[in-house]
Structures are given as C-alpha cells and as structure tokens.
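Structural overview for review
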Amino acid sequence: MENRDMDLIGHLEELRKRLIITLGSFILLLIISFIYVPTIYNWLVHDLPVKLAILGPSDILWVYLMLAGVIAIAGTIPIAAHQIWLFVRPALKEHERRITLAYIPALFILFILGICFGYFVIFPIVFNFLLSLSEDMFMTFFTTEKYFRFMIHMTLPFGFLFELPVIIMFLTSLGVLNPYRLQQIRKYAYFVLVLTAVLITPPDFLSDILVILPLLFLYECSVLLSKVVYRRKHVIHLSA
C-alpha cells in the first residue's frame, strides 16, 4: 500500500513537472510573439478593403494578446506533445517510443496546415459572403477586435481539427483505439463533424460543404492510418 502511494506521488510530481514546462514555454513564446505583433498585424491587414478601428485603448492590448496567443499556441503544441510523450514513455516499449516520438512534428505541421486552410480558404469565402449580404444596406465599419475575433473563429478551430489523424494514430499505437472501433462509431463521428461544421460557418450551403468535406476526409484518413498502425503493431507483437 505504501509503495502504491509512493508511485502515485511520483506520477503526480512528474505530471506537475511536465505541466510547468509546458506552461512556462507558452508564457515565454507569448512574450516573444508580443514583440512581433505589429509586423504580423500589418501583414494580415495589408490588403483589407476596409479600415479597422478601435473603440478604446484596451482594444489595442486585446489585439496584441490575441495575435501573440495564437502564435504561442502553435509553438507550444510540439513542446506539449513532447512533454506528454516523456510522461507516458516509461509505460511504452522501445519500438513504441520511437513510433510515437515521430508524431510530435506531425502535430505541429498539421496544426499549421489547418490554420492555413481556415485562413486562405474558409475565411475569405465566409467574409466575402457576409459582406455581400450588406450590399448598400449598411455602412461597413469594423472594429479591430470584432474583425480579428471573427478571423480566429474561422481559422483556429481548423488547426485543432487537422490534428485528428495524428491523435487517432497515437491512441491506436497505445491501444486506446483501433480502426474497427472507429468504423463502428463512424455515423456518430460524422454527426459530430457535420454539427461542428454547421456551427462554425454561416448559414449557407456552400460554406457548410466547404468545411464538411475536409472534415469527413480527415476522419477517413484517420481510420486508414489507424489500420496501418494497428497492423504494424500486431506484426511487431507477433515477431517479438
């Protein structure tokens, strides 16, 4: 009983260490990103057809924190993934350690790809569609906070959704998931993905389709990749 309590305390201490490193990395990246916010801001608004405005001094700080926060999140993802890997490493076999370690750069790359997909594909379509609804009915006046909040809502979720294949591969390698289970819950997964797409896009059919199709494609890719990991895991197990 005493040994069990000591093991639990050791695990909690290790978890605390990994969380502190991850949080510290995020704060450090946030401070560094804060310095480059003006350059990032000018790049994001250089071809914007409307002029942005602020309603108070606090809006300036909000924009700085928001842009720096997104960059800090992107930079923290591989660090957090590495800390998770270090935490679970003692429970993994040697070949599992090598395989799961390879997922860390993939998490960062897919997050960046998701952000790019949201920013360069989804955001312009949705933004232009909403502007077209106003026509000559309204005078377009955008505050900086509202504009960037809308942009983040249209881009940041895709960064996390694009992580789906790697997360499923990682969980498959750990034995938490398997491709047959993913196939069984396919209709429920489709429902969640479709609901997510509808919630983050305006109420028009084109925008919904542009988001739903990539999400369903990502899920099917996840199932296929899960099969590859599952079969490779069993081949290694049998050969051992």
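In the block above lies the structure referred to throughout.
Residues numbered from 1 in each chain as written. Predicted model: local features only at pLDDT ≥ 70, side-chain atom pairs only at ≥ 80, totals over all residues. Heavy atoms only, no water.

Structural notes on the overall build of the protein
A tally of helices and strands in the protein yields 10 helices and two strands. Taken from the N to the C terminus, the helices and strands of the protein come in the order α-α-β-α-α-α-β-α-α-α-α-α. The principal-axis extent of the C-alpha atoms belonging to the protein is close to 70 × 40 × 30 Å. Counting every position in the protein, which comprises 240 residues, the buried fraction comes to 37%. The long-range share in the protein, meaning contacts at least 24 apart out of those at least 6 apart in sequence, stands at 83%. By element, 71% of the accessible surface of the protein is carried by carbon and sulfur atoms, the whole surface being about 14,800 Å². With 18 positive and 16 negative side-chain charges, the protein shows a spacing of 11 Å between the two charge centroids. (Helix = DSSP H or I, 4+ residues; strand = E, 2+ residues; numbered from the N terminus. Buried < 20%, exposed > 50% of the residue type's maximum accessible area, 1.4 Å probe, protein only. Contact = heavy atoms within 4.5 Å. Areas by Shrake-Rupley, 256 points an atom, 1.4 Å probe, with all protein chains shown as cover. Lys, Arg positive; Asp, Glu negative; His and termini not counted. Charge placed at Lys NZ, Arg CZ, Asp CG, Glu CD.)

Comments concerning helix H6 (residues 144-161)
Across its 18 residues, H6 extends 26 Å between first and last C-alpha, which sits within 8% of the 26 Å expected from 1.5 Å per residue. Buried within H6 are the following residues: Thr144, Tyr147, Phe148, Met151, Ile152, Met154, Thr155, Leu156, Phe158 and Gly159. (Expected span 1.5 Å × (residues − 1).)

Points about the packing of helix H3 (residues 57-88) against helix H5 (residues 103-134)
Two numbers describe how H3 lies on H5: the axes approach to 9 Å, and their chain directions differ by 155°. It follows that H3 is roughly antiparallel to H5 by the angle criterion. Viewed along their axes, H3 and H5 form a crossing whose handedness is right-handed. Each of Ile73, Ala74, Ile77, Pro78, Ala81, His82 and Trp85 in H3 lies in contact with H5, whose residues at this interface are Ile104, Leu107, Phe108, Phe111 and Ile112. A per-class count over the contact of H3 with H5 returns 11 nonpolar, one polar and no charged. (Axes fitted to C-alpha atoms, helices over the stretch in contact; angles between N-to-C directions. Parallel < 35°, antiparallel > 145°, perpendicular 65-115°, else oblique. Left-handed = near helix turned anticlockwise from the far one by under 90°. Nonpolar A, V, L, I, M, F, W, Y, C, P; charged D, E, K, R; others polar.)

What to know about the packing of aromatic side chains
Summed over all chains, the structure comprises 17 aromatic pairs. Relative to Phe148, the ring of Tyr41 lies with its centre 5.5 Å away and its plane at 40°, an arrangement referred to as tilted. With Tyr41 in helix H2 (residues 37-45) and Phe148 in helix H6, this pair connects stretches of sequence that are 107 residues apart. The exposure class of Phe148 is buried, given its relative accessible area of 0%. Here Phe111 and Phe160 contribute two aromatic rings whose centre-to-centre distance is 5.3 Å and whose plane-to-plane angle is 70°, an arrangement assigned as edge-to-face. (Phe/Tyr/Trp six-rings, centres within 6.5 Å; stacked < 30°, edge-to-face > 60°.)

Considerations on the nonpolar core
Residues Tyr147 and Phe148 are the most contacted members of the largest nonpolar core, which totals 55 residues. Elements represented by at least two residues in this core include exactly H2, H3, H5, H6, helix H7 (164-173), helix H9 (186-200) and helix H10 (205-239). In terms of residue count, the dominant contributor to this core is H5 (12 residues). What Tyr147 contacts, discounting residues up to four positions off in sequence, is Leu48, Leu52, Phe123 and Phe127. (Core = buried A, V, L, I, M, F, W, Y, C linked by side-chain atoms within 4.5 Å.)

Some remarks on the side chain of Thr76
Mapped onto the elements, Thr76 comes out in helix H3. A relative accessible area of 7% means that Thr76 is categorised as buried. Every residue in contact with Thr76, bar those within four places of it in the chain, is listed here: Thr22, Ser25, Phe26 and Leu29.

Regarding the layout of surface pockets
Considered as a void within the structure, the largest pocket measures approximately 380 Å³ in volume. Looking at the largest pocket, it is lined by 16 residues, and the ones nearest its centre are Trp43, Leu44, Val70, Ile71 and Ile115. Only H2, H3, H5 and H6 provide two or more residues apiece to the lining of the largest pocket. Among the elements that take part in the lining of the largest pocket, H5 stands out by supplying six residues, more than any other. (1 Å grid on protein atoms, 1.4 Å probe; cavity = no way out; pocket = protein on both sides within 12 Å on 5 of 7 lines; lining within 4 Å. Points joined across faces, edges and corners; volume = space filled by probe spheres on them.)

So, the pattern of salt bridges
Within this structure, the stated rule accounts for four salt bridges. The residue Glu13 makes a salt bridge to Arg16 at a minimum N-O spacing of 4.0 Å. Of the two residues, Glu13 and Arg16 both sit in helix H1 (residues 2-35), three residues apart, roughly one turn of that helix. Here Glu220 ties to Arg186 by a salt bridge, and the two come within 2.9 Å at their closest N and O atoms. On the criterion of sequence distance, the pair formed by Glu220 in helix H10 and Arg186 in helix H9 is long-range, its members being 34 residues apart. (Salt bridge = Lys/Arg side-chain N within 4 Å of Asp/Glu carboxyl O.)

Geometric values such as these leave the question of function open.
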